[in-house]
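# Descriptive analysis of the structure
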Amino acid sequence: MQHPLEQEGYDKIDRDFDWVMSRFRKVLIDLGEQALATGLPGRANAEPSDDLPADKLVQALSISFQLLNLVEENAAAQYRRKLEDQVGLHAVRGSWGETLRYWHENGVTAQDMRCLLPLLHVRPVLTAHPTEAKRISVIEMHRELYLLLVQGENTVWTRAERAALEQQVDALLERWWRTGEVYLSKPRVASERDNVMHYFTKVFPDVLRRCDQRLRDAWTGMGFDAADLEHPQHLPRIRFGSWVGGDRDGHPYVDAAETQQTLTKHREAALLLLRDKLEHLRNKLSFSRLLFPFPESADEQIRTLAARLGPPGAEALARNPLEPLRQWVNLMLLRLDRTMAGPAEEAIAGGGYERAADCMADLAVVRHWLVDHLQARKVAADLLLPVERTVQCFGFHLAQLDIRQNSAYHEKAMDQLLAAAGMGEQAFSTKTAAERINFLNNELQHQRPFVAEGVACGPEADALLDCYRVVKTHILHHGADGIGSFIVSMTRGLSDLLMVYCFLREVGMLQQPLPVVPLFETIEDLRAAPDIVDAFLRHPVTRGRLGLLGHTQEIMLGYSDSNKDGGIVASRWAVYQAEQALAGVAEKHGVACCFFHGAGGTISRGGGKYHRFWDSKPPGSVHGSVKFTVQGETIAQHFANQINATYNLEMVLAGVARQTMQRLRKQDAAPAPPVAAMDRLARLSNAGYKTLVEHPSFKAFFSHATPIDVLEQSKIGSRPARRTGQRNLEDLRAIPWVFSWNQARFNLTGWYGVGQALAALRAEAPELYEQLREQANQWPFLRYCLIHIETNLLNADPDMMAAYAALAPDAAGRQTIMRLIQDDYTAALNGMAALLGGTVATRRTSQLHNTERRKAALHTLHRLHIDLLARWRAAPDPDTAQTLLNELLLLTNALSGGLKSTG
């Protein structure tokens, strides 16, 4: 049932969009674009004028869609605020308020909750996967405009103040109009690194503080003691990760120098962030010893530390002689400056910090004085806790850098390494699986490397070992806190993991706390995953290293490639079953399993609302520690502004908490799932999907009916669209695969195969079908899948599908493929209605509003897109083709904004 506030929210979106578009039109008129200003739709769902210049119309509609997205984002935030204000903190689905109340109503005590929270360890990992079509300059404008929209919510502005706000909006919109919307050259890895570091330094520190406050508010709102959550060790742990500068899988521009520079910049930024926090703390802690006596032990600690730091220590004391708390923080700042000044060894010798834990110990002294001697608990919660949490979360490393490479690349490196060592009688890559394992087992009994340092082995081996040596040098100077995991893409067998042990041994890092992590991506690999991990956990080297890793094994699951491999149902079910089985394997070996979810932003690649994502996990599979990727456009969509970022991070934390509590209490979230029915549905769906993608006419249809050729030449990320440059579906990355189908409005990566599978299941095994129908709204995993499939179906557009399909020149092949697609589309819509019940109009009100607001303007862009695609493909010369390609790239960006999605 629709909440009364929901309709108010829809009305607010219309009002706010009208207002911001009126400002945009004024700017265009002031710039002499009268016809364009009057030709733009007055409402989001109105058709723009047909006689406007195409290039300017595309740019104007692109900005209009992005303005609409910002208006919707702000309206959603204001809706949640009103809901909490009128109903309570528990009213927001997935929030801490709802979670604590749910636990309480189900017999969980406050003590059990308090014990659970410190067990949570959540690690969002930001990646530079090329799904962000907007330039960083434009993203910055989004942030500015969003803040102005939030300011506009203030109801007590005077006329003059509101006029000043409007002038700021107008100035920003003029800058936006004059700014190029798309990348005309590929961004460098360094610029992608700068973008994610903006979030680490400017967004997440404050979001962390806000999330902690949200948890404490929900806690006290339940009537629990605020003192239960006053210490940083009482709260969930959050650490951030990054792939930018460490992810080498098919990325030739990430070399050892980029990794070294990334680790250096991470450390510098972390120390500057902490310095800023300490300065703020120092400026606020103005407690006077004349009013509040301090113990003699405190004075002794201060004098001792000052003496260690020499004359500058004495100067630090002299600045605030009557304020011991400020004196202590002054000394901390001095220690931090020496930590920042030079090599680690020199900094430590001069009294600097060796590790972040040492700084945390100094903050514990401040906490002791504030809480135990001055009883200033509120001051500690307000001023000290955020600094402690900054150190706990960001340390001296800012974010943990994962190192990822493909197993096929590792094979080439091993071949070259063995050849250089005189051991290449038989190439490693030609050995059988058993021969590889025997060879690696034998090697891992020795400590010696294959070759002496400095010996050239070959391009892959040299590049790999150079990277590992950069990591080793960083660890020797600064410890391993800044290093994440060594991830093996396309893990196909035990030898893929044991090879990494040999590479670590080669540079002397096998005894460092560096996780070696399999990434299972295809459906076949997901099915093989339990046996591979079982063998890996039984391996003596793994057993010997578990103590270094806290007896935890990280396992990464790929959503994108499994979807491209077998369709959405087979993919989701394979991931679910792999999680369930892998959790059992880890438990058998006495190891905690940390799943690393490699999910993208779109539904086809595992994206979706965070709390529902965690709800859909197999019961018992979440041990409190999780990692997940935040990719491309999703970074800005979820975390570009403080309010939305706080909401999304809270959804993650509370969702993981619910799953972890469920595991600890050994309670099933739902009745036994219909496994046999899902097995049958996944097989049927996979078979139908294979029939389509393996059809002889499919490849040509895909090449012509979607803009895949444009996307392969787009400049939205530094990574190539194909892993090795081969022109086949297997080599094509999942991102452009999904992106191209979305741009052409098929969206079939999110639904194809489901319609015929449901129809076949209902006809062939009605008892299994009935089991699914009964569980459709009860089993979180199934409901999550069905809602996602229906969302993709609703976002598809049959009229546009047919229009894009007409670009395919082979009429017979086109008709055959379109018949398959249209039949399954209709069957899937009917199948969703039969399983979920009710009508789409009542079930998906928000989705339908979202689609209708954009439909008319999107159709205008699609018509331009189709015409340009045909002209570009038939361009008579390279100059004409380049001009048309630039226009197509702008259209790609505009469509992405309108669809709120890329790949």
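Before any of the text, the structure's been laid out above.
Only a predicted model underlies this, so the values are computations on that prediction, with no experimental measurement involved.

Here we take up helix α37 (residues 845-873). In this model α37 runs 40 Å from its N-terminal to its C-terminal C-alpha over 29 residues, within 8% of the 42 Å that 1.5 Å per residue would give. Most pronounced at Lys855, the bend in α37 amounts to some 50°.

For the structure shown, the criterion picks out 38 aromatic pairs. Taking 5.3 Å as the distance between ring centres and 65° as the angle between the ring planes, the aromatic pair formed by Phe204 and Phe639 counts as edge-to-face. Placement of the pair is Phe204 in helix α8 (residues 189-221) and Phe639 in helix α25 (residues 633-639), with a sequence separation of 435 residues. The exposure class assigned to Phe204 is buried, which follows from its relative accessible area of 0%. A relative accessible area of 1% places Phe639 in the buried class. Judged by centre distance (6.0 Å) and plane angle (25°), the rings of Phe698 and Trp741 are stacked. In this pair, Phe698 sits in helix α28 (residues 698-705) while Trp741 sits in helix α30 (residues 734-743), placing the two residues 43 residues apart along the sequence. Both residues of the pair, Phe698 and Trp741, count as buried.

Among the seven residues in strand β1 (residues 121-127), seven count as buried, and that is most of the element. Pairing geometry for β1 and strand β2 (residues 237-238), over two bridges, is parallel. Its bridge partner lying in β2, His121 is registered against Arg237. Note that β1 and strand β9 (residues 625-631) share seven bridges and pair parallel. Note on β9: the bridge partner recorded for Thr127 is Gln631. When β1 meets strand β3 (residues 241-242), the two strands line up parallel, connected through two bridges. Directly across from Leu126, in β3, lies its bridge partner Ser242.

Attention now moves to a nonpolar patch on the surface. Together, Leu290, Leu291, Phe292 and Leu322 line one region of the surface with nonpolar side chains, adding up to about 440 Å² of accessible area. Mapped onto the secondary structure, Leu290 falls in the loop between α9 (256-284) and α10 (296-308).

With that settled, the discussion passes to the pattern of salt bridges. Where charged atoms of side chains with opposite charge meet at close range, the side chains can pair. Tallied over the full model, the rule gives 50 salt bridges. A salt bridge links Asp206 to Arg209, with the shortest nitrogen-to-oxygen separation between them at 2.6 Å. Here Asp206 pairs with Arg209, and both are found in helix α8, just three residues apart, close to one helical turn. Notably, a salt bridge pairs Asp867 with Arg871, separated by 3.2 Å at the nearest N-O pair. One end of the pair, Asp867, and the other, Arg871, are both in helix α37, four residues apart, so they sit about a helical turn from each other.

Counting buried residues in strand β6 (residues 516-520) gives five out of five residues, a clear majority hidden from the surface. Burial along β6 is two-sided: the residues Val516, Pro518 and Phe520 and Val517 and Leu519 are all buried. Where strand β5 (residues 483-489) lies against β6, three bridges are found, and the strand directions are parallel. Within β6, the residue paired with Ile487 across the bridge is Val517. Once the chain exits β5 it traverses helix α19 (residues 494-506) before rejoining the sheet at β6, and the crossover so formed is right-handed. Two strands pair when backbone bridges link them, and β6 and strand β7 (residues 552-558) are joined in this way by two bridges, in the parallel orientation. Bridge assignment links Leu519 to a residue of β7, and that residue is Met556.

Cut-offs and rules
The written sequence of each chain sets the order in which its residues are numbered from 1. At least 70 in pLDDT is required for a residue's local features to be given in this predicted model, at least 80 for side-chain atom pairs to be given and counted, and no such filter applies to totals for whole chains, interfaces and linings, which use all residues. Neither water nor hydrogens contribute to the side-chain values; these are computed over all heavy atoms in the structure. Secondary structure is summarised from DSSP: a helix means a run of H or I of at least four residues, a strand means a run of E of at least two, and numbering begins at the N terminus for each. Given the number of residues in a helix, its expected span is that number minus one, multiplied by 1.5 Å. Two axes enter the definition of the bend at a residue: one is fitted to the seven residues ending there, the other to the seven starting there, and the bend is the angle between them. Ring pairs are drawn from Phe, Tyr and Trp, using the six-membered ring of Trp, whenever the two centres fall within 6.5 Å, and their geometry is named by plane angle: stacked under 30 degrees, edge-to-face over 60, tilted for the rest. Type-normalised accessible area, obtained with a 1.4 Å probe on protein chains alone, sets the label of each residue: buried when under 20%, exposed when over 50%, and partly exposed for intermediate values. At least two DSSP bridges between two strands are required for those strands to pair. Think of a patch as exposed residues, more than 30% relative accessible area, with no salt bridge, where like charges cluster within 9 Å and nonpolar side chains (Val, Leu, Ile, Met, Phe, Trp, Tyr) cluster within 5 Å. Areas reported here follow the Shrake-Rupley algorithm with a probe of radius 1.4 Å; residue values treat only the protein chains shown as occluding. Here, a salt bridge means any Lys or Arg side-chain nitrogen found within 4 Å of an Asp or Glu carboxyl oxygen. Whether a crossover is right-handed comes down to one check: with the strands pointing away from the viewer, does the path from the first strand over the helix to the second run clockwise; if it does, it is right-handed.

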